[in-house]
Amino acid sequence: MCCTDGPDRFPMHAGDTAEMPAKGLKPPKWLEPRLRPKPGGEGVGSKLWRHSRAFLLLPAACATAAIFIIDTFIRLEFAVAVLYVVVVLTVALSRKPAWVVLAAVGCVALTVLSWLLVHRLMFPDTAVLRASMSLAAIGITTFLSLRNLSAGRRLASIERQRANLARFFPPQLVDELAEANTPLAIIRNSPAAILFADMVGFTAYASDRSPEEVIALLRNLQSVFGSRIFANNGMIDKFLGDGLIAVFGLPMAGPHDVTDAVLCGLGILEDIHSWNRRRVKTGEQPVRVAIGIHHGTVVQGDIGGEGRLELTVVGDTVNVASRVEACCRDLGSPLLLTAPVVAELHAEGSAALAARFAKLGPHPLRGRPAPIVLWGIRHAQIPGAPAAV
């Protein structure tokens, strides 16, 4: 049996990648939202703003008292209570809708109280007009303030959603997905191409390196993987420390999903070869990767505990792709495809791309009742024609 689980993986949640890649590779734009401080890490500026909102109540209270005194005890022939809108607007700066409503109710109550103290139960025409103008101004200002706060919250929510989507989807899909009416978390079966990629020999590499060196390598490696995946319209399902799982064809199927997946795999090999040339010049060991691609039906949906759900894909197709990637070490090929992938390449009109791979025959996979036919990249097609993996 040629294939086992890859020994060089350790689990890492997609939100756990740390700050910045080490020098040598710049983080791509898709990675930037993942490099920002987490919401839990509140800075000094955020704390100052949170405390300063409470101080807004002091000028609001002073303005309220001044307006009430003028409206009640000083005879002026204009609607002094209209100035209560200043109080509502000041409280609205706190971005607390409940505070705005309480301020508006208080202003209305003071307007009515001032009326009772001055006019008791009489209703002079001019006084009625002034009071009506004041109450209308308070109501309109409150409505517009609450509407503005609601719009601001919606915009902030959309920005957070887009930043989260940008961690896993190509930039060209982020806006479209953020505005879609259909939730991504709907459980469904969909055809897709699954790409597994990881670093060969990571355990040995990490055993005699400092934590800083290990994390720096992983950041650069994931930068290479992620850039190629997004450049070929793929979705990052999850990071696996020294590897990842990518999906092509979700959330929306395209006419060349399998072609995109194979081009992504070839592109990763090219980028790794270019990176290795720079590493060798600085006296570092070259990095080797293994990539397995399979095509079939996957189940997409949210899984996890109540407090931590994650959109992912599962199913036999995902398991087979993982086993195929593990076969790269035994078969001496950095990139392996299954027969369904090759068949889809021909169906998508990518016969020339399929010709870059040689048939390696049937091979048993752990957990599979029957062998599966594998195709490996031809030696001459490997960038730099490295030695067998």
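Further up the page is the structure itself.
Nothing here was measured: the structure is a model prediction, and the numbers come from that model. (Residues numbered from 1 in each chain as written. Predicted model: local features only at pLDDT ≥ 70, side-chain atom pairs only at ≥ 80, totals over all residues. Heavy atoms only, no water.)

### Notes on the overall build of the chain
Regarding its fold elements, the chain presents 13 helices and eight strands. Scored against the burial criterion, the 389 residues of the chain give a buried share of 46%. The contacts of the chain with a sequence gap of at least 6 include a subset with a gap of at least 24, amounting to 69%. Of the roughly 20100 Å² of accessible surface on the chain, a fraction of 62% belongs to carbon and sulfur atoms. (Helix = DSSP H or I, 4+ residues; strand = E, 2+ residues; numbered from the N terminus. Buried < 20%, exposed > 50% of the residue type's maximum accessible area, 1.4 Å probe, protein only. Contact = heavy atoms within 4.5 Å. Areas by Shrake-Rupley, 256 points an atom, 1.4 Å probe, with all protein chains shown as cover.)

### Describing the nonpolar core
Membership of the largest hydrophobic core comes to 43 residues, with the highest contact counts inside it found for Val262, Ile291, Ile293, Leu335 and Leu337. By residue number, the principal contributor to this core is helix 10 (residues 257-281), which donates nine residues. Excluding anything up to four places from it in sequence, Ile293 contacts Ile194, Leu195, Ala261, Val262, Val324, Leu335, Leu336, Leu337, Thr338 and Val341. Membership of the second largest hydrophobic core comes to 16 residues, among which are Ala60, Phe68, Val91 and Ala92. (Core = buried A, V, L, I, M, F, W, Y, C linked by side-chain atoms within 4.5 Å.)

### Some words on the pairing of strand 2 (residues 235-239)
The buried fraction of strand 2 amounts to five of the five residues, a majority that puts the element mostly inside the structure. As paired strands, strand 2 and strand 3 (residues 243-248) are joined by four bridges and run antiparallel to one another. When the bridges of strand 3 are listed, Met235 appears paired with Val247. Hairpin remark: strand 2 followed by strand 3, antiparallel, with three residues in the connecting loop; positive phi at Gly241, about 75°. (Pairing = 2+ DSSP bridges.)

### Notes on a nonpolar patch on the surface
A cluster of nonpolar side chains, Ile69, Ile70, Phe73, Ile74 and Leu76, forms an exposed patch at the surface whose accessible area comes to about 440 Å². Position of Leu76 relative to the elements: it lies in the loop between helix 3 (57-73) and helix 4 (84-92). (Patch = residues over 30% accessible without salt bridge, like charges linked within 9 Å, V, L, I, M, F, W, Y side chains within 5 Å. Salt bridge = Lys/Arg side-chain N within 4 Å of Asp/Glu carboxyl O.)

### Side note on the environment of Cys62
With respect to the secondary-structure elements, Cys62 resides in helix 3. On a C-alpha basis, the gap between Cys62 and Val87 in space is 9.2 Å, while along the polypeptide they are 25 residues apart.

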